[in-house]
Amino acid sequence: MTRAVIGVANRPCTLVVCRGCCCGNARKHPGTDHTWQLGRLRAAAADSAGRFAVRTTDCLGPCDQANIVVVQPSSAGRRSGGRATWIGFAMGDACTDDLLRWATGGGPGIAEPPATLELQFIRPPHEARARARR
């Protein structure tokens, strides 16, 4: 007998916003309105009719590249080959616009990321550590 997992088959693209020790820290990035950015992302997700979600998490690791946002693919995006994409230095209006455009379009595996956002792609910490050991 197969057990169905409720919600997994239709999980939306999710923006995971780091709010750990450095990300979202006004002392580290005094010119950035972190509260406004997170509020804008959450408001857009609420207005998206379930196309994407936003959640926060504690420290993701690459503090030297704060603020970090991980764009997780939707269930459909994962089935199409999309994988979690790490964005570094995710601050300011232009980056927020790009994140919202990509998430609204479907995210990894569904929509192409804005070219300017691709310039901010970083390696996840586990990949960076493995590469450094070689």
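This section reports on the structure supplied with the text.

Reading the values: rules and limits
- Numbering of residues starts from 1 in every chain and runs along the sequence as written.
- Given that the model is predicted, a residue must reach a pLDDT of at least 70 before its local features are reported, and side-chain atom pairs must reach 80 or more before they are shown or counted; all residues, however, enter totals for whole chains, interfaces and linings.
- Here the side-chain values reflect all heavy atoms present in the structure, with hydrogen atoms and water set aside.
- Pairing between two strands is assigned when DSSP locates at least 2 bridges connecting them.
- The numbering of helices and of strands both runs from the N terminus, where a helix is a DSSP run of H or I of at least 4 residues and a strand a run of E of at least 2.
- The rule is simple: take the accessible area with a 1.4 Å probe, protein chains only, and divide by the maximum for that residue type; under 20% is buried, over 50% is exposed, in between is partly exposed.
- Viewed with both strands pointing away, a crossover whose connecting path from the first strand over the helix to the second turns clockwise is right-handed.
- With axes taken as lines fitted to C-alpha atoms, and helix axes fitted only over the stretch in contact, angles between N-to-C directions fall between 0 and 180 degrees.
- Just so you know how the angles are binned, under 35 degrees is roughly parallel, over 145 roughly antiparallel, 65 to 115 roughly perpendicular, and the rest oblique.
- The crossing is said to be left-handed when, going from far helix to near helix, the turn is anticlockwise and less than a right angle, and right-handed when the turn is clockwise.
- Here a residue-residue contact requires only that any non-hydrogen atoms of the pair lie within 4.5 Å.
- The salt bridge criterion pairs a side-chain nitrogen of Lys or Arg with a carboxyl oxygen of Asp or Glu, the two atoms within 4 Å.

## Brief notes about the pairing of strand β3 (residues 69-72)
Where strand β1 (residues 13-18) lies against β3, four bridges are found, and the strand directions are antiparallel. In the strand pairing of β3, V17 is matched with V69. Where β3 meets strand β4 (residues 85-87), three bridges bridge the pair, whose relative direction is antiparallel. Each bridged residue has a counterpart across the sheet, and for V71 the counterpart in β4 is T85.

## Here we look at unusual backbone geometry
That bond from A66 to N67 is cis: its omega, 5 degrees, falls within 30 degrees of zero. Of note, A49 is a non-glycine position whose phi angle comes to about 55 degrees, a positive value. Here A49 is to be found in the loop between α1 (34-46) and β2 (52-57). Under the relative-accessibility criterion, A49 is labelled exposed at 78%. Within the chain, F89 stands out as a residue other than glycine whose phi angle is a positive 55 degrees. Position of F89 among the secondary structure elements: in the loop between β4 and α3 (92-105). Assessed through its relative accessible area of 43%, F89 is described here as partly exposed.

## Some details on the pairing of β1
Here β1 lies mainly inside the structure; six of its six residues are buried. Neither face of β1 is exposed, since C13, L15 and V17 on one face and T14, V16 and C18 on the opposite face are all buried. Pairing of β1 with β2 involves six bridges; the strand directions are parallel. Considered in β2, the bridge of L15 is made with V54. Between the parallel elements β1 and β2, the chain passes through α1 in a crossover that is right-handed.

## Considering the packing of α1 against α3
The N-to-C vectors of α1 and α3 enclose an angle of 20 degrees; their axes lie 11 Å apart at closest approach. Relative to α3, the element α1 lies roughly parallel. Handedness of the crossing formed by α1 with α3: right-handed. Here W36, Q37, R40, L41 and A44 of α1 lie close against α3, whose contacting residues are G92, D93, T96, D97 and L100.

## Observations concerning the side chain of Q37
Assignment of secondary structure puts Q37 in helix α1. According to the relative accessible area criterion, Q37 is buried, its value standing at 2%. Sequence-distant contacts of Q37, that is, excluding residues within four places in its chain, are made with R19, N67, A90, M91, G92 and T96.

## Regarding the pattern of salt bridges
Tallied over the entire structure, the rule returns two salt bridges. Here D97 makes a salt bridge to R40, at a shortest N to O gap of 2.3 Å. Remark: R40 occurs in helix α1 and D97 occurs in helix α3; sequence separation between them is 57 residues. When its relative accessible area of 26% is taken as the criterion, R40 is described as partly exposed. D98 serves as the salt-bridge partner of R101, at 2.6 Å between the closest nitrogen and oxygen. One end of the pair, R101, and the other, D98, are both in helix α3, three residues apart, so they sit about a helical turn from each other. Residue classification places D98 among the buried positions, given a relative accessible area of 7%.

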